[in-house]
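Remarks on the overall topology
The chain contents come next:
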Amino acid sequence: MKPGTTRRTFLAATATTIPAVALAGPAHADTLPGYAPIPPSAFGPQPNDFGYHVARIKGNLYWVTDSSYQAMVLSTRTGVVLVDAPPTIGRNLLRAINDVTKANGRPGTVTHLVYSHSHADHIGAAGIFGNSVERIAHAETARLLRTDRDPNRPLPTTTFHDRHTLRVGGERLELAHHGPNHTADNIFVHAPDYQTLLVIDVLFPGWVPFKGLAVSQEIQNWVRAHERIMSYPWTTFVGGHLGRLGTRADAALQKNYVDDLAAHARTAIETLDPTPFFQKYGPAGNSWAVFKSYLDEAARLAAAPVIAAYTGKLAGADVFTIDNAHAMVESTRIDLGVLGPFGIHP
């Protein structure tokens, strides 16, 4: 802020009338914004006529996708272990499991269903598997689902706090909770015999993270989850979204994107002068407009070099990076205490 100018000075000034803003009309395809082409490397296999793709990862481990969401299928001697039940795939999960077990001659009944976390977009089709299935989840998932009271997401029958080894029909999955990240209950599902790791809503192979750093609740722990993911010995990654599996190169690329965004967010906060925002909105006493305009500009400044660097490398870099920068700027301010001009008053 310029010398001699204070927040109190602006907010004490005579109020001015702010003109009303007209409400936007309905969207039309010809007026929607255009975006950069999607790199071919971001796409996965084409779904079949039913709208799904199922394939072997390795051995008895498979994955299913509709190009938007993903689930993982472990075929055992005594039944099927399913990890997540996204509603957009829905009953195509049953078709995919039938494809797998008809081909390998193993039982096709889903006996165990693992919840990665409580969000409905990943387990909202759990109810189609009936009441006889054993549902395994973190203890916090059970608490959240009791609050949500969604009949399509039945409560887990088995819960754990830190680690749980699931052994079924000669196969195993290692479930672990390493603290909150995307959500308080989001777990890591490791198939060590098949060098595969599933973690939902952290890595998005080939793409930038979904809006607001995947709408994550604990941004700094979500950022740290990238290191935790890389610490596991995997070669194949299941991220829960979009149409393909991930590699360690994918994980490294997204980690670089997140690190760059964090660095630019810090720089934006430390260098952006808030004076113009107080000059514009302070006289009317509109504190929310001051903060909105300041934070919007900080996000724009943080996002611009990242968009330039990653467009053509990660799909959607020009779509969600400003939204991701908003989340990173706010977390940098309120979690890391990098307050810039809004720090301790002298």
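See the structure above.
Residue indices begin from 1 for each chain and proceed along its sequence in written order. Per-residue local features are limited, in this predicted model, to residues with pLDDT of at least 70; the limit for side-chain atom pairs, both in listing and counting, is 80 or more; totals at the level of whole chains, interfaces and linings are taken over all residues. With hydrogens and water excluded, all non-hydrogen atoms of the structure serve as input to the side-chain values.

**Focus: the pattern of salt bridges**
To keep things clear, this is the line we draw: Here, a salt bridge means any side-chain nitrogen of Lys or Arg that lies within 4 Å of a carboxyl oxygen of Asp or Glu. Helix and strand definitions here come from DSSP, where helices need a minimum of 4 consecutive H or I residues and strands a minimum of 2 consecutive E residues; each element is numbered from the N-terminal end. A simple rule labels every residue: compare its accessible area, found with a 1.4 Å probe on the protein chains alone, to the largest value its type can have, and call it buried under 20%, exposed over 50%, or partly exposed in between.
Scanning the entire structure with this criterion turns up twelve salt bridges. Notably, a salt bridge pairs glutamate 140 with arginine 143, separated by 2.5 Å at the nearest N-O pair. Residue glutamate 140 and its partner arginine 143 are located together in helix α4 (residues 139–148), separated by three residues, close to a single helical turn. For arginine 143, a relative accessible area of 40% corresponds to the partly exposed category. Between arginine 153 and aspartate 148 there is a salt bridge, with the nearest N and O atoms lying 3.3 Å from each other. With relative accessibility at 10%, the residue arginine 153 sits in the buried group. A relative accessible area of 38% means that aspartate 148 is categorised as partly exposed. In the salt-bridge network here, residues are joined through shared partners; they are Asp148, Asp150 and Arg153.

**What to know about the pairing of strand β6 (residues 134–138)**
This is how the line gets drawn: Two strands are counted as paired when DSSP detects at least two bridges linking them. Whether a crossover is right-handed comes down to one check: with the strands pointing away from the viewer, does the path from the first strand over the helix to the second run clockwise; if it does, it is right-handed.
Burial analysis of β6 places four of its five residues in the buried class, the great majority of the element. Examined bridge by bridge, strand β5 (residues 110–114) and β6 share three bridges and lie parallel to one another. Among the inter-strand pairings, histidine 112 is bridged to a residue of β6, identified as glutamate 134. Note that β6 and strand β7 (residues 158–160) share three bridges and pair parallel. Residue pairing across strands places isoleucine 136 opposite threonine 158, the latter belonging to β7. You can see the chain leave β6, run along α4 and come back into β7, and the turn it takes is right-handed.

**Describing the environment of leucine 261**
As a reminder, the rule being used: Here a residue-residue contact requires only that any non-hydrogen atoms of the pair lie within 4.5 Å.
With respect to the element layout, leucine 261 can be found in helix α7 (residues 248–271). Apart from the residues lying within four places of it in its own chain, the contact partners of leucine 261 are Leu213, Ala302, Val306, Thr321, Asn324, Ala325 and Met328.

**Concerning the layout of surface pockets**
Empty space among the atoms becomes apparent when a probe as large as a water molecule is rolled across them. Convention followed: Cavity means a closed set of points on a 1 Å grid over the protein atoms alone, one where a 1.4 Å probe fits but cannot get out, pocket means an open set with protein on both sides within 12 Å along at least 5 of 7 lines, and lining means a residue has an atom within 4 Å of a point. Grid points are joined across faces, edges and corners, and a volume is the space filled by probe spheres set on the points. Classification convention: Asp, Glu, Lys, Arg as charged; Ala, Val, Leu, Ile, Met, Phe, Trp, Tyr, Cys, Pro as nonpolar; all other residues, Gly among them, as polar.
The volume enclosed by the largest pocket comes to roughly 280 Å³. Along its surface, the largest pocket is lined by 19 residues, and Phe204, Pro209, Phe210, His241 and Phe320 are the ones closest to its centre. Counting only elements with at least two residues in the lining of the largest pocket, the list comes to α5 (211–215) and α10 (317–334). Here the residues of the lining of the largest pocket sort into twelve nonpolar, five polar and two charged.

**Topic: the side chain of serine 75**
Structurally, the position occupied by serine 75 is in strand β3 (residues 70–75). Classification of serine 75 as buried rests on a relative accessible area of 0%. With sequence-adjacent residues up to four places away left out, serine 75 is seen in contact with Asn60, Tyr62, Val100, Thr101, Asn104, Arg106 and Glu171.

**A few points about the side chain of aspartate 84**
Short version of the rule: A residue counts as positive if it is Lys or Arg and as negative if it is Asp or Glu; His and the chain ends are not included. Under the rule applied, a polar contact is a pair of N or O atoms within 3.5 Å (in protein, one hydrogen donor and one hydrogen acceptor; residues adjacent in sequence only if both atoms are side-chain atoms).
Tracing the chain through its elements places aspartate 84 in the loop between β4 (80–83) and α2 (92–104). Here aspartate 84 is buried and forms no salt bridge, its nearest opposite-charge partner arginine 153 lying at an N-O distance of 11 Å. A distance of 2.7 Å separates the side chain of aspartate 84 from the side chain of serine 116, its partner in a polar contact. Look past the residues within four positions of aspartate 84 in its chain and what remains in contact with it is Ala71, Leu113, Val114, Tyr115, Ser116, His122, Ile123 and Ile200.

**What to know about the sheet that holds β7**
Stated precisely, the cut-off is as follows: To get an axis, fit a line to the C-alpha atoms, keeping to the stretch in contact for a helix; angles then go from 0 to 180 degrees between the N-to-C directions.
Spatial ordering of the open sheet is given by β1-β2-β3-β4-β5-β6-β7, a layout of seven strands whose pairing is mixed. Two strands in the sheet have a free side with no partner beyond their single neighbour: β1 (53–58) and β7. Taken pair by pair, the neighbouring strands of this sheet meet at an average axis angle of 20°, ignoring direction. One ladder, built from four bridges, connects β4 with β5; its direction is parallel. When the sheet's bridge partners are listed, valine 83 is paired in β5 with valine 114. With respect to the sheet, α2 is in contact with β1, β2 (61–65), β3, β4 and β5, its orientation differing from that of β3 by roughly 30°. Where α4 meets the sheet, its contacts fall on β6 and β7, and the angle it forms with β6 comes to roughly 105°.

**Remarks on the sheet that holds strand β12 (residues 236–238)**
Reading across the sheet, the five strands line up as β8-β9-β10-β11-β12 and stay open at both edges, with mixed pairing between neighbours. Each end of this open sheet is capped by a strand with a single partner; those strands are β8 (163–168) and β12. The sheet shows a mean angle of 20° between the axes of neighbouring strands, direction not considered. Across three bridges, strand β11 (residues 196–198) lies against β12 in parallel orientation. Within β12, the residue paired with leucine 198 across the bridge is valine 238.

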